[in-house]
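Listed here are the chains, written in short residue letters.
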Amino acid sequence: MIGYEEKKRELRKQMQKYTKEKCMVAFSGGVDSSLLLKLACESVDAQRDADKKTVCGSKHASGNIYAVTMQTRLHPVREIEHAAKVAEEIGAVHLIIPVDELTEAGIDQNPPDRCYRCKKHLFTKILEKALSLGIPTILEGTNADDLHVYRPGLKAIRELGVISPLADVGFTKADVRRLAEEYQLSVSNRPALPCLATRFPYGTELSYEEMRKVEQGEEFLKSFGLYNVRLRIHQEVARIEVDPGEFPVLLQNRENVISYMKELGYSYVTLDLEGFRSGSMDVGMKS
């Protein structure tokens, strides 16, 4: 089994290859894409020109590394501001592309291949932007753990020729967080935040109004200091997922939680005894 240090060396070797020309990183501001962006900038810095000017990682970036963030209404509104802040912290040029997946990607009925349709749409937009800027290489932050769960969007990424360096060298989520911590990235311990469509069962009609309610509900729950939070919606039922060790926090605030969720319009409020788990709406789905 390949160890962490060996994987890290191979990852840096691959990044040196990808950043010899202009490079674009699909950037959400999460720990995976932030680490990838940092590595890209580091690789360019290692290839500084003869007069030693800093190419990336300073306020005088030459524009070799582009971080592109999709401004999507399927994620909390504050995520754009967060991504911009992290891109500035790392030192890359930051671009924002507005999209409306519900109408443009055909996912308004939340089909089982929603992630495939959405990724195909988003990365087609990214490729178009890269082409207009003369950028030959697109990188994205799928890690090795993502290869073992239901991720239909990976098919779209591969079809479009987008490169996944972390997954290619076997970098797991734990590896990603470890290296991000070594770089002292501000997002090293940030919880994952997948799109709000994942809070609804497949086949459910999606609307921005209902997703904003989920966003509000999760923000309320996080106000109690909870780390991983998912509010899964089954019509009138709000099913709350948090880490089992944090059940007491939720139960201590039981009455406030019930009151707030009912104000949002949910008739029933439940605590999932299995606790938080990524992809709980994907049970029974196969890649």
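## Considering the overall build of the protein
Then comes step 1: Across its full length, the protein carries 11 helices and seven strands.
Then comes step 2: In terms of overall dimensions, the protein is globule-like: its C-alpha atoms have a radius of gyration of 20 Å, near the 19 Å expected for 287 residues.
Then comes step 3: Across its three principal axes, the protein shows a C-alpha extent of roughly 65 × 40 × 40 Å.
Then comes step 4: Here the protein holds 287 residues, and the buried ones make up 49% of them.
Then comes step 5: In the protein, the share of contacts with a sequence separation of at least 24, taken over all contacts with a separation of at least 6, comes to 74%.
Then comes step 6: Roughly 14200 Å² of accessible area belongs to the protein as shown, and the carbon and sulfur atoms make up 51% of that amount.
Then comes step 7: One way to put it: in the protein the 40 positive side-chain charges average out to a point 3 Å from where the 42 negative ones average out.

## Remarks on empty space enclosed by the protein
Then comes step 1: Under the definition given, this model contains one cavity of 30 Å³ or more.
Then comes step 2: In this structure, the largest cavity spans a volume of roughly 30 Å³.
Then comes step 3: Considering the residues around the largest cavity, the lining is formed by P76, R78, L193, L196, R199, E215, E218, E219 and K222.
Then comes step 4: Sort the elements by how many residues they give to the lining of the largest cavity and helix α9 (residues 208-222) lands first, with four residues.
Then comes step 5: Partitioning the lining of the largest cavity into residue classes produces three nonpolar, no polar and six charged.

## Quick notes on the packing of aromatic side chains
Where two aromatic rings form a pair, the distance of their centres and the angle of their planes describe that pair.
Then comes step 1: For the structure on display, the rule yields four aromatic pairs.
Then comes step 2: On the numbers, 6.4 Å between centres and 85° between planes, the contact of Y150 with Y202 is edge-to-face. With a gap of 52 residues between them, Y150 in the loop between β4 (137-139) and α6 (153-159) and Y202 in the loop between α8 (173-182) and α9 connect regions that are remote in the sequence.
Then comes step 3: Through a chain of ring-to-ring contacts, three or more aromatic side chains come together here, namely F220, F224 and Y260.
Then comes step 4: The positively charged end of K213 is found above the aromatic ring belonging to Y266, 4.9 Å away from the centroid.

## Concerning the pattern of salt bridges
Then comes step 1: Counted by the stated rule, this structure contains 21 salt bridges.
Then comes step 2: The salt bridge involving R117 is made with D113; its shortest N-O contact spans 3.0 Å.
Then comes step 3: A relative accessible area of 29% places D113 in the partly exposed class.
Then comes step 4: Of the charged contacts in the structure, one is a salt bridge between K120 and E159, with a shortest N-O distance of 3.0 Å. With K120 in helix α5 (residues 114-132) and E159 in helix α6, this pair connects stretches of sequence that are 39 residues apart.

## A look at the packing of α9 against helix α11 (residues 254-263)
Then comes step 1: Contact pair α9 / α11: the axes reach a minimum separation of 10 Å and the direction vectors enclose 165°. In terms of orientation, α9 and α11 fall into the roughly antiparallel class. Of the two possible hands of crossing, α9 and α11 adopt the one that is right-handed. Contacts from Q216, G217, F220 and L221 of α9 reach α11 at N256, V257, Y260 and M261.
Then comes step 2: Here the residues of the contact of α9 with α11 are counted per class, giving five nonpolar, three polar and no charged.

## Quick look at unusual backbone geometry
Where the residue is not glycine, phi is negative for most of them; where a peptide bond is considered, it is trans in most cases.
Then comes step 1: Of note, the phi angle at N110 is positive, near 50°, even though the residue is not glycine.
Then comes step 2: On the secondary structure map, N110 appears in the loop between α4 (101-104) and α5.
Then comes step 3: Of note in this structure, Q184 is not a glycine but carries a positive phi near 60°.
Then comes step 4: Mapped onto the elements, Q184 comes out in the loop between α8 and α9.
Then comes step 5: Residue Q184 is classed as exposed on the basis of its relative accessible area of 68%.

## Things to note about the packing of helix α2 (residues 31-46) against α8
Then comes step 1: Taken N-terminus to C-terminus, the directions of α2 and α8 make an angle of 55°; their axes are 10 Å apart at the nearest point. By the angle between their directions, the pair α2 and α8 is classed as oblique. Crossing hand, α2 versus α8: left-handed. Mapping the contact onto sequence places V31, D32, L35 and L39 in α2 and K173, V176, R177, L179 and A180 in α8.
Then comes step 2: For the contact of α2 with α8, the per-class residue count stands at six nonpolar, no polar and three charged.

Parameters at a glance
- Residues numbered from 1 in each chain as written.
- Predicted model: local features only at pLDDT ≥ 70, side-chain atom pairs only at ≥ 80, totals over all residues.
- Heavy atoms only, no water.
- Helix = DSSP H or I, 4+ residues; strand = E, 2+ residues; numbered from the N terminus.
- Rg over C-alpha atoms; globule rule 2.2 N^0.38 Å.
- Buried < 20%, exposed > 50% of the residue type's maximum accessible area, 1.4 Å probe, protein only.
- Contact = heavy atoms within 4.5 Å.
- Areas by Shrake-Rupley, 256 points an atom, 1.4 Å probe, with all protein chains shown as cover.
- Lys, Arg positive; Asp, Glu negative; His and termini not counted.
- Charge placed at Lys NZ, Arg CZ, Asp CG, Glu CD.
- 1 Å grid on protein atoms, 1.4 Å probe; cavity = no way out; pocket = protein on both sides within 12 Å on 5 of 7 lines; lining within 4 Å.
- Points joined across faces, edges and corners; volume = space filled by probe spheres on them.
- Nonpolar A, V, L, I, M, F, W, Y, C, P; charged D, E, K, R; others polar.
- Phe/Tyr/Trp six-rings, centres within 6.5 Å; stacked < 30°, edge-to-face > 60°.
- Lys NZ or Arg CZ within 6 Å of the ring centre and 35° of its normal.
- Salt bridge = Lys/Arg side-chain N within 4 Å of Asp/Glu carboxyl O.
- Axes fitted to C-alpha atoms, helices over the stretch in contact; angles between N-to-C directions.
- Parallel < 35°, antiparallel > 145°, perpendicular 65-115°, else oblique.
- Left-handed = near helix turned anticlockwise from the far one by under 90°.

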